[in-house]
Amino acid sequence: MNSLEQQLTTLAKAAVKALYGLDATDAQIQLQKTRPEFEGNITLVVFPFVKLARKAPQAVGDEIGNWLLVNGEGLVAKFNAVQGFLNLSISDAFWVNQLQAIDADETYGRFERPSEKAFPFREGEGVGSPLMMVEYSSPNTNKPLHLGHVRNNLLGYSIAKIQEANGWKVVKTNIVNDRGIHICKSMLAWLKFGNGETPESSGKKGDHLIGDYYVRFDKEYKAQIAELMAAGKDEETAKREAPLMLEAQEMLRKWEANDPEVRALWAKMNEWVYAGFDETYKRMGVSFDKIYYESNTYLEGKSEVEKGLASGAFYRREDGSVWADLTKDGLDEKLLLRSDGTSVYMTQDIGTAKLRFQDYPIDKMVYVVGNEQEYHFKVLSILLDRLGFPFGKELVHFSYGMVELPNGKMKSREGTVVDADDLMDKMVADAREISKDKVHTLRSFPEGDKNTLQGITEAEADEIARKVGLGALKYFILKVDPRKNMLFNPAESIDFNGNTGPFIQYTYARIQSVLRKSYSPKDGLAAERSYSEAVLQPSGRSLEDKELALIQRLTEYPAAVRTAGEDFSPAVICNYAYALACDFNSFYHDLSILNEPDESKRALRLLLARNVAKVLQSAMALLGIEMPERM
RNA sequence: GGUCCGGUAGCUCAGCUGGAUAGAGCAACAGCCUUCUAAGCUGUGGGUCUCGGGUUCGAAUCCCGACCGGAUCACCA
């Protein structure tokens, strides 16, 4: 809640008390932004007092409005009441003060401590920021990253940034699923059909190379199944008895038995994949503070399960498998160790959790994982709790929706996946193409104008295209409510106009251009210095509507950061940034900044522009989107 | 079948702790570059907020029930 709302809440309570003798609760003081079709900035809903005041809504509105005008300490400049809505116009002096406060605040939109609502389970002890660990990405090492991973990575990174802004110390982590039958399939196919191919020999990225052999395995495996079925076997049997599958399983056993040859091959191929992933992550702009590998954590999980067995939290069946009975929690029974003693996904997650809490004083653990695993995390939460881990109950599964294609889900085997590297390539190439067109259509600027794209080097143009292309992609994905499934149509390219990342980047670039010009010899460096001083003397004039609307929008930024943090929603930041950019473009269109003759007005507008740029950049940084200085 | 999530304009999505005549973008159409970057601005058309009940001054928003779509309920991850 910003200070305006706090002040008005206090005033409104006093008004209701003075006029009707009522002690209003916070919930009864409903303030909302005034709709644009009415005059005013902020609106008090008077319905909650109508019944007790025993008067018509209109009369109540007028009475409270008058009271605020007289007793509002100059905050309320005027008002109008329409039906049950009291629209208040706040004084220009207040808004100008707000703008100056924002300008002076180097960390505007960042908080020292998490809000009450988001505060951790551990009793507030000592000072400093509580620690949140955010797990995201978590790839398998048998195929390259696709669009589904892109959504995960962007959400995970953005959530980490947003929570940092909300006062958490954040550790970004990744659990790499580097072992299991899927890896063995790729290894086996490579051994059989690879002819020693390496990333160096073929020029392929390591993750793509491994992915190709994973696909190859599937193809050969299917052929074997068909063969066996043609020979009279039923499908079940054929799948089970296909030689390739038997070999893959044998390889997995050898891996678990530490067979030196299998381990060496596994290590080599994983290195290829990691090199490929690193490149993709770097390009995407995401990073991790600590990486865990499943091959290092699954044994820890097993031993935790053994402990749980000893303590009676779990039980063993006759065939040797270990289970947790969750029927008391309204769930099923859950397998933790197979009858042959090998571990499952859940076992590994228990081990990973344990290691993490050994490594860090975690107050809150967040898993960025798709919504198809909701059941898994519900179970994990209960199991960790049963094993005596204090964080178990409080873990957060940040469950996000699938990315769907027009004909349904992406399926690796059907070749309908949208590859992450290809997609980024295309976005950047599109951005480069579009910017070429722009340069040709800019008729109104002289050749070599440094504030347009003319006269810049190829390398600079490439860098701009990189920022814009990735900005378009990231915004496209992050603007959708994370909980919802979203649709991506590969046949339609992602927009660069309208409610998009480039729109916001463009707004920023325009402002930078204005600011650069404001420092030109013509205006003198005095322009910079005169911002604050000139603004302080508004020479009795009143703010333009569009100036006021922009300032008001700027004051809403901290609330947007709060909400985004509490709701785990980068989309909230997108919506805010878009609204701010819209407001600025409208202002920019109607009012001149540098050509404004009145020094005080010019200074205010420059101050406004500079802070819009600051907030846009801050907001986009929370989304992992970089801003170009010109475009 | 049980549980969870979703259904808003032709398309993609906001709005959902109840508030004024439900908003953007794309697509379509019509305007605006001698003036700070036209990736922009302005305007037109486009809606039974899936359907039916309920709660109340007021429901896209909350409750109940249908219908439709998705996810999940593995000795997969």
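Going by the structure above, here's the rest.
No experiment lies behind these values; they were computed from the predicted model shown.

### A closer look at the sheet that holds strand β5 (residues 131–135)
Then step 1. Taken in spatial order, the five strands of this open sheet run β7-β6-β5-β11-β12, and their pairing is parallel. A strand with exactly one partner marks an edge of an open sheet, and here the two such strands are β7 (290–293) and β12 (396–400). Direction aside, neighbouring strands of the sheet carry axes that sit 25 degrees apart on average.
Then step 2. Relative to strand β11 (residues 364–370), β5 runs parallel, the two being bridged by four bridges. When the sheet's bridge partners are listed, Glu135 is paired in β11 with Tyr367.
Then step 3. Most of the contacts of helix α14 (residues 374–386) go to β11, to which it runs at about 155 degrees, and overall it touches β11 and β12.

### Regarding unusual backbone geometry
Then step 1. Positioned with a positive phi, Arg54 is a non-glycine residue whose angle comes to about 55 degrees.
Then step 2. Inspection of the secondary structure puts Arg54 in the loop between α2 (47–53) and α3 (57–71).
Then step 3. Positioned with a positive phi, Phe568 is a non-glycine residue whose angle comes to about 50 degrees.
Then step 4. Taking relative accessible area as the criterion, Phe568 reaches 13% and is therefore assigned buried.

### What to know about the environment of Phe488
Then step 1. Tracing the backbone shows Phe488 in the loop between β15 (486–487) and α17 (501–518).
Then step 2. The sequence separation of Phe488 and Glu404 amounts to 84 residues, and the corresponding C-alpha distance is 6.1 Å.
Then step 3. Other than its neighbours up to four places away in sequence, Phe488 contacts Leu147, Val403, Glu404, Leu405, Pro406, Val418, Leu423, Phe476 and Ile494.

### A word on the packing of aromatic side chains
Then step 1. Counted according to the given criterion, the structure contains 20 aromatic pairs.
Then step 2. Here the aromatic rings of Phe277 and Tyr281 are separated by 6.2 Å at their centres, their planes lie at 55 degrees, and the arrangement is tilted. Here the residue Phe277 and the residue Tyr281 both occupy positions in helix α11 (residues 260–284), the gap between them amounting to four residues, near one helical turn. You'll find Phe277 and Tyr281 in the same group, each marked buried.
Then step 3. Note on Phe389 and Phe391: the rings are 5.2 Å apart at their centroids and 35 degrees apart in plane angle, and the pair reads as tilted. Per residue, the accessibility class of Phe389 equals that of Phe391, and both read buried.
Then step 4. Taken together through their ring pairs, the aromatic side chains of Tyr136, Phe277, Tyr281 and Phe288 make up a single cluster.

### Considering the protein's contact with RNA strand B
Then step 1. Around RNA strand B sit 66 residues, and of these Phe85, Asp319, Tyr506, Tyr588 and Leu591 come closest.
Then step 2. Sugar and phosphate atoms constitute 63% of the interface atoms of RNA strand B, taking the interface as everything within 4 Å of the protein.
Then step 3. A distance of 2.7 Å separates a phosphate oxygen of RNA strand B from a polar atom in the side chain of Ser513.
Then step 4. The contact in question runs from a base nitrogen of RNA strand B to an N or O atom on the backbone of Leu591, over 2.4 Å.
Then step 5. Classifying every residue of the surface near RNA strand B by side-chain character gives 27 nonpolar, 22 polar and 17 charged.

### Considerations on the sheet that holds β15
Then step 1. Pairing in this open sheet of three strands is mixed, and the strands run β14-β13-β15 from one edge to the other. Here the strands that pair on one side only, and so sit at the sheet edges, are β14 (408–409) and β15.
Then step 2. Strand direction decides the pairing type here: strand β13 (residues 403–405) and β15, joined by two bridges, are parallel. Within β15, the residue paired with Glu404 across the bridge is Leu487.

Analysis parameters
- Each chain has its residues counted from 1, following the order in which its sequence is written.
- Chain letters start at A and ligand numbers start at 1, both assigned in the order the entries are written.
- pLDDT decides what is reported in this predicted model: residues at 70 or higher carry local features, side-chain atom pairs at 80 or more are listed and counted, and totals for whole chains, interfaces and linings draw on all residues regardless.
- Hydrogens and water are ignored here; the side-chain numbers use all heavy atoms of the structure.
- Strand pairing is assigned whenever DSSP detects at least two bridges linking the two strands.
- Helix and strand definitions follow DSSP, with helices as H or I runs of at least four residues and strands as E runs of at least two, each counted in order from the N terminus.
- Interaxial angles span 0 to 180 degrees and are taken between N-to-C directions of axes, which are lines fitted to C-alpha atoms, for helices over the stretch in contact.
- In this description, contact between two residues means that some pair of their heavy atoms is separated by no more than 4.5 Å.
- The cut-offs for exposure are 20% and 50% of the maximum accessible area for each residue type, with area from a 1.4 Å probe on protein chains only; residues under the lower value are buried, those over the upper are exposed, and the others partly exposed.
- Pairs were defined over the aromatic rings of Phe, Tyr and Trp, the Trp ring being its six-membered one, requiring ring centres within 6.5 Å. Orientation was assigned from the angle between planes: stacked under 30 degrees, edge-to-face over 60, tilted for the rest.
- To be near a molecule or strand, a residue needs just one of its heavy atoms within 4 Å of it.
- Pairs of N or O atoms within 3.5 Å make up the polar contacts considered here, provided that, within protein, one atom can donate a hydrogen while the other can accept it, and that residues adjacent in sequence are counted only when both atoms are side-chain atoms.
- In this classification, the charged set is Asp, Glu, Lys and Arg, the nonpolar set is Ala, Val, Leu, Ile, Met, Phe, Trp, Tyr, Cys and Pro, and all remaining amino acids, among them Gly, are polar.

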